[in-house]
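What follows is each chain in one-letter form.
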Amino acid sequence: ILLTGEVGTGKTTINRALLAQLPDNADLAIVLNPALSAVELLATVCDEFAIDYPGDSASLKTLTDALHQFLLENFARGRKTVLMIDEAQHLGFDVLEQIRLLTNLETDEEKLLQIILIGQPELNLKLKEDRLRQLRQRILVHYDLQPLNPAEVQLYIHHRLSLAGSNGQPQFTARAIKKIARSSLS
């Protein structure tokens, strides 16, 4: 899954909603600072899932093998495994290639790891490069968040005010709503 959008379009809000709705049989690893090498990324994923690996001599192979074993055990127990990477526009090409290789970890029935990449529009530009064609082809769902239009801003303000206990007051004029919508873009 790929979720992109400008700063302030709601990516973090969607992440929180997704986390709140994860089923009980799902294990989640979240990488918030992806400015890592491929080895560091795999070590971070293993750490997030509490997977043991030889810390001194961790290589791509040993980390991938440890992760693969964990994924197979999770699958056998009927558990789903999800990796969420935020700020994914900062991932290097070698790390994105490693993520593509993780999508090869599968059984005859299904993928063992579901991956969610979240980032700013620069990630879309990076993924359009020819050397990431194979990764791009494996993205089954892509949603690009757009800023709210004035009608959506009005609904959002009304919703937030009602959550705060408003009984419909104050009312904003259409002109004020348009100004708020324009201001939110900067």
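This text follows the structure it describes.
Residues numbered from 1 in each chain as written. Predicted model: local features only at pLDDT ≥ 70, side-chain atom pairs only at ≥ 80, totals over all residues. Heavy atoms only, no water.

Engineer: Just checking my understanding: could you explain helix α3 (residues 60-76) for this structure?
Structural biologist: An α-helical turn contains 3.6 residues, so any two residues separated by three or four positions project in the same direction. A rise of 1.5 Å per residue sets the reference length of α3, with its 17 residues, at 24 Å; its end C-alpha atoms lie 24 Å apart and thus fit the reference within 8%. Within α3 the residues assigned to the buried category are Leu-63, Thr-64, Ala-66, Leu-67, Phe-70, Leu-71 and Asn-74. All buried residues of α3 lie within an arc of 160° about the axis, which places them on one face of the element. In α3, the exposed residues that point more than 90 degrees away from the buried face are Lys-61 and Ala-76. After α3 finishes, the residue Gly-78 shows a positive phi value of roughly 80°. (Helix = DSSP H or I, 4+ residues; strand = E, 2+ residues; numbered from the N terminus. Expected span 1.5 Å × (residues − 1). Buried < 20%, exposed > 50% of the residue type's maximum accessible area, 1.4 Å probe, protein only. Arc of directions from axis to C-beta.)

Engineer: Is there a simple way to explain the packing of aromatic side chains in this structure?
Structural biologist: Aromatic ring pairs: the centre-centre distance and the angle between the two ring planes describe each pair. Enumeration over the complete set of coordinates arrives at one aromatic pair. One residue, Lys-126, lies across the ring of Phe-93, its end atom 5.6 Å from the ring centre. Against the face of Phe-93 rests Arg-131, its NZ or CZ located 3.4 Å from the ring centre. (Phe/Tyr/Trp six-rings, centres within 6.5 Å; stacked < 30°, edge-to-face > 60°. Lys NZ or Arg CZ within 6 Å of the ring centre and 35° of its normal.)

Engineer: Help me out: how do you make sense of the side chain of Asp-27 in this one?
Structural biologist: Structurally, Asp-27 is set in strand β2 (residues 26-31). Relative accessible area serves as the criterion here: at 19%, Asp-27 is assigned to the buried category. A distance of 2.9 Å separates a polar atom in the side chain of Asp-27 from a polar atom in the side chain of Arg-79. Apart from the residues within four sequence positions on either side, Asp-27 is in contact with Phe-49, Phe-70, Asn-74, Arg-77, Arg-79, Lys-80, Thr-81 and Val-82. (Polar contact = N/O pair within 3.5 Å; in protein donor to acceptor, adjacent residues only side chain to side chain. Contact = heavy atoms within 4.5 Å.)

Engineer: Just to check I follow, could you spell out the nonpolar core for this structure?
Structural biologist: Generally speaking, soluble globular proteins have nonpolar side chains that are buried together. Core analysis: the largest hydrophobic core is formed by 33 residues, its most contacted members being Leu-67, Leu-83, Ile-85, Leu-91, Ile-99, Leu-102 and Leu-117. When contributions to this core are tallied by element, the ones reaching two or more residues are β2, α2 (38-48), α3, β3 (80-85), α4 (93-102), β4 (114-119) and α5 (122-127). The dominant element in this core, judged by the number of residues it contributes, is α2, at six residues. When sequence neighbours within four positions are dropped, the list of residues in contact with Ile-85 reads Val-31, Pro-34, Leu-41, Leu-91, Ile-99, Ile-116, Leu-117 and Ile-118. Leu-3, Val-82, Ile-116 and Leu-145 belong to the second-largest nonpolar core, a separate cluster that totals six residues. (Core = buried A, V, L, I, M, F, W, Y, C linked by side-chain atoms within 4.5 Å.)

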